[in-house]
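Residues per chain, in single letters:
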Amino acid sequence: MAIITGLTLDCVKTSARKDDTEAPGSPALSGRVSVEPGALTPVGSNIVTPFEMAYYYGPPENGSEPPQLYYRSNMAEAPFPLPEPGDKWFKVPAKDIESAFDKVLTRKVWAIVAPKVIAVFKRRGIRYASLTMVRFSTPDEATGKRTLGPLVVWIATYPGTTSPAQAQEASPEILEVFEHHGVSGVVAEFYEATIERLGGRHLMHNVDETSARPTETR
């Protein structure tokens, strides 16, 4: 999966899943994924289920894992489809990243908004690795057309530094920054990643799914 940042295009490299079980009919093509026991119930301080965390951004593709979501601000308004208890396989939609800039969210507006969002991070002790504006599109297999999702402020935080509760508490303040500058309907989404410089390029690596989720700080 590629990440379209404000001015650059970076690569996302994800870790391989530990489960080598394959769904019937080539899951890489069908989007079918296995449903692990306990994957439908949030664990510990997590707000999203392990299943949504793993597959919100789509199924694995070409051996690469999608980023693992740990909070999004529209969970109540747009619940993620989950398997029924007892299901062994479930089809999750693929997602592509699209440019977020338009007549409302221009690069000029983003240049004003981004520093103010970063100021929110600093006030709340959120260590961000990447701040990106994107839209996600999903294909409709029946029509062949793509459905474009809302504007997303896509926030990568360094591993173990930000709890889901911190992300939840910071999101209204982050979204208020956009509203104040005439950009409405934005969704805040958080995931964990690190940035490495290799040969002059920045690569983003998602945290292995076995890494412990940070606990809420008090």
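The paragraphs below set out a description of the structure included in this document. (Residues numbered from 1 in each chain as written. Predicted model: local features only at pLDDT ≥ 70, side-chain atom pairs only at ≥ 80, totals over all residues. Heavy atoms only, no water.)

### Section: the side chain of S130
Alright, step 1. Counting through the fold element by element, S130 comes out in strand β7 (residues 128–139).
Alright, step 2. In terms of polar contacts, S130 uses its side chain to reach the side chain of T132, at 3.2 Å. (Helix = DSSP H or I, 4+ residues; strand = E, 2+ residues; numbered from the N terminus. Polar contact = N/O pair within 3.5 Å; in protein donor to acceptor, adjacent residues only side chain to side chain.)

### Digging into the nonpolar core
Alright, step 1. Grouped together as the largest cluster of nonpolar side chains are 29 residues, with contacts concentrated most on L105, W110, L131, M133, V153, I174 and F178.
Alright, step 2. Residue assignment for this core shows that the elements contributing at least two residues are β4 (69–72), α3 (107–124), β7, β9 (152–157), α4 (164–180) and β10 (187–198).
Alright, step 3. It is α3 that contributes the most residues to this core, 8 residues altogether.
Alright, step 4. Contact partners of L105, with chain neighbours within four places excluded, come to A100, W110, M133, L151 and V183. (Core = buried A, V, L, I, M, F, W, Y, C linked by side-chain atoms within 4.5 Å. Buried < 20%, exposed > 50% of the residue type's maximum accessible area, 1.4 Å probe, protein only. Contact = heavy atoms within 4.5 Å.)

### Concerning the packing of aromatic side chains
Alright, step 1. Under the defined criterion, the tally for this structure stands at 13 aromatic pairs.
Alright, step 2. With a centroid separation of 5.2 Å and an interplanar angle of 40°, the aromatic rings of F121 and Y128 are classed as tilted.
Alright, step 3. Classification of Y128 as partly exposed rests on a relative accessible area of 30%.
Alright, step 4. Three or more aromatic residues joined by ring pairs make a cluster, and in this case those are F51, Y55, Y56, Y57, F80, F90, F136, W154 and Y191.
Alright, step 5. Here K95 stacks its cationic end above the ring of Y56, 3.5 Å away from the centre of that ring.
Alright, step 6. Over the face of the ring belonging to Y158 we find R127, whose NZ or CZ atom lies 4.8 Å from the ring centre. (Phe/Tyr/Trp six-rings, centres within 6.5 Å; stacked < 30°, edge-to-face > 60°. Lys NZ or Arg CZ within 6 Å of the ring centre and 35° of its normal.)

### With respect to the environment of Y70
Alright, step 1. For Y70, the location among the structural elements is in strand β4.
Alright, step 2. A C-alpha to C-alpha distance of 9.0 Å links Y70 and P50, two positions 20 residues apart in sequence.
Alright, step 3. A polar atom in the side chain of Y70 sits 2.7 Å from the side chain of T157.

### Looking at the pattern of salt bridges
Alright, step 1. Scanning the model with the defined rule gives 5 salt bridges in all.
Alright, step 2. Here E52 ties to R72 by a salt bridge, and the two come within 2.6 Å at their closest N and O atoms. With E52 in helix α2 (residues 50–55) and R72 in strand β4, the pair connects residues that are 20 residues apart, well separated along the chain.
Alright, step 3. Judged by its relative accessible area of 1%, R72 is buried.
Alright, step 4. With a closest N to O distance of 2.7 Å, R146 and D96 form a salt bridge. Residue R146 is located in strand β8 (residues 146–148), and its partner D96 is located in strand β6 (residues 96–99); the two are separated by 50 residues in the primary sequence.
Alright, step 5. Since its relative accessible area comes to 41%, R146 is described here as partly exposed.
Alright, step 6. Each of R123, R124 and E173 takes part in salt bridges that share partners, so that together they form one network. (Salt bridge = Lys/Arg side-chain N within 4 Å of Asp/Glu carboxyl O.)

### With respect to the environment of T41
Alright, step 1. Note on placement: T41 falls in the loop between β3 (32–34) and α2.
Alright, step 2. Once the C-alpha coordinates of T41 and E52 are considered, the two residues, 11 residues apart in sequence, prove to be 9.8 Å apart.
Alright, step 3. Contact partners of T41, with chain neighbours within four places excluded, come to T49 and P50.

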